[in-house]
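# Chains, contacts and geometry: an overview
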Amino acid sequence: MPIICALVVAAAVHSSAPSVVAPLRLAHVSVALPSREVLRVTLAAPASAAKLAAGMNAQRLTLGGVPIPLATPVDVTVVGGEIWPVFDVRLADVPEAVLGLDPNRVPLLWEGLDGAGALVLAVGGTVDFGDPGDVQVPVTDLYHAYATLTDFTVTPGLSAVNVHGLLGLFNPFSFDLVATRIELTVKVGTETVLATKRPGFRLRAGQRSDVLVDQDVPLADAAGGVGAFLRGEAAVLEGTLILRTPQGERAVPLHMRAAMK
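Residues numbered from 1 in each chain as written. Predicted model: local features only at pLDDT ≥ 70, side-chain atom pairs only at ≥ 80, totals over all residues. Heavy atoms only, no water.

### What to know about the nonpolar core
Counting residues in each nonpolar core, the largest one holds 61 residues, and the members touching the most others are L43, W110, L169 and L241. Leaving out residues up to four positions away in the same chain, W110 has contacts with L43, M56, Q59, R60, L61, L70, V76, P85, F87, L121, A122 and V123. (Core = buried A, V, L, I, M, F, W, Y, C linked by side-chain atoms within 4.5 Å. Buried < 20%, exposed > 50% of the residue type's maximum accessible area, 1.4 Å probe, protein only. Contact = heavy atoms within 4.5 Å.)

### A few points about the sheet that holds strand β7 (residues 82-90)
Across the sheet, which stays open at both edges, the five strands sit in the order β6-β7-β3-β2-β10 with mixed pairing between neighbours. A single partner strand is all that each edge strand has here, and the edge strands are β6 (76-79) and β10 (135-136). Packing against the sheet, helix α2 (residues 139-146) makes contact with β2 (28-35) and β3 (38-46), and its axis sits at approximately 40° to β2. (Pairing = 2+ DSSP bridges. Helix = DSSP H or I, 4+ residues; strand = E, 2+ residues; numbered from the N terminus. Axes fitted to C-alpha atoms, helices over the stretch in contact; angles between N-to-C directions.)

### What to know about the pattern of salt bridges
Scanning all chains against the criterion turns up nine salt bridges. In this structure, D176 engages R202 in a salt bridge whose closest nitrogen and oxygen atoms are separated by 3.8 Å. A residue pair is termed long-range when its members are at least 10 positions apart, and D176 in the loop between β12 (160-170) and β13 (177-188) and R202 in strand β14 (residues 191-203) qualify at 26 residues. The salt bridge involving R181 is made with E183; its shortest N-O contact spans 3.0 Å. A relative accessible area of 25% places E183 in the partly exposed class. One continuous salt-bridge network, built from bridges that share partners, spans D176, R202 and R204. (Salt bridge = Lys/Arg side-chain N within 4 Å of Asp/Glu carboxyl O.)

### Observations concerning the layout of surface pockets
Here the largest pocket is characterised by a volume of approximately 1,700 Å³. Lining of the largest pocket is provided by 45 residues; of these, P103, F129, L142, F173 and V252 occupy positions nearest its centre. The element best represented in the lining of the largest pocket is strand β17 (residues 248-258), accounting for five residues. For the lining of the largest pocket, the class distribution of residues is 39 nonpolar, four polar and two charged. (1 Å grid on protein atoms, 1.4 Å probe; cavity = no way out; pocket = protein on both sides within 12 Å on 5 of 7 lines; lining within 4 Å. Points joined across faces, edges and corners; volume = space filled by probe spheres on them. Nonpolar A, V, L, I, M, F, W, Y, C, P; charged D, E, K, R; others polar.)

### Some words on the sheet that holds strand β1 (residues 24-25)
The five strands are arranged β1-β9-β8-β4-β5 in an open sheet whose pairing can be described as mixed. Looking at strand neighbours, the two that pair on one side only are β1 and β5 (66-68), the edges of this open sheet. In this sheet, strand β9 (residues 119-127) lies alongside β1 in parallel orientation, the contact comprising two bridges. Across the sheet, the residue bridging to L24 is V123, located in β9.

### Comments concerning α2
Residues of α2 that are buried include every one of Y143, A145 and Y146, and no others. Buried residues of α2 fall within an arc of 165° about the axis and therefore sit on the same side. (Arc of directions from axis to C-beta.)

### Brief notes about the side chain of D88
In this structure, D88 sits in strand β7. Setting aside residues up to four positions removed in sequence, D88 forms contacts with V38, L39, R40, L70, A71 and T72.

### Brief notes about the packing of aromatic side chains
A complete count under the given rule lists two aromatic pairs for this structure. Centroid distance F173 to F175: 5.1 Å. Interplanar angle 10°. Geometry classified as stacked. Positioned above the aromatic ring of F170, the side-chain terminus of R36 is 3.7 Å from the ring centre. (Phe/Tyr/Trp six-rings, centres within 6.5 Å; stacked < 30°, edge-to-face > 60°. Lys NZ or Arg CZ within 6 Å of the ring centre and 35° of its normal.)

### A word on the environment of G248
Looking at the element boundaries, G248 is found in strand β17. C-alpha separation for the pair G248 and G100, spaced 148 residues apart in sequence, amounts to 8.6 Å.

Here it is as structure tokens:
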């Protein structure tokens, strides 16, 4: 029995031994949005120490130890002194476990494998998804895909201004998201017309959820905004969506412009 136990332990140690292929240091990440269901991700790492390995026909990605399924074949090139793995992530394939990660400090590891499953190339580092120096994100495209403001009107009356609009939020994941609250500010020009909060709600998986904004604001509180409204200035909705995660609440900023009716 001691011999059998020793063999089992030795096998376990061997199987968990670190790879001999050291990851290249991740320099930055670029994200594109071919559709609201798919993110196209480009990693960049210095290529001076990299020899582009032939025969890679599989890949894998982990974020904070959470495996992320990839939707495209291996695509790795060397461009301007950097090595670029490029891959698509279907957001519906992303596991719910990512909600437990700290978005400002996410260990990322991409690995390219050969036909036998052996590791031949790796890129890794810790990423702050809120830092444009770490991750380049098409912010405008993200808002257009996942947050819309429609039917927006500002209607002055004798004693109050009615602010009306429909905020649409799309959840591209295969799991529900729980918002504990949403905080909204509507500005016209530099003047604040409305500052309000809405209670929590559930963003259903793969669906759009609507948040109705329909509120009367005393004219005295919105007079500057009414003047900007009469000059035809655009309205800007700014806010914060507060999501519940296993690690506490996470704030998602919102920023949208809308022509007024």
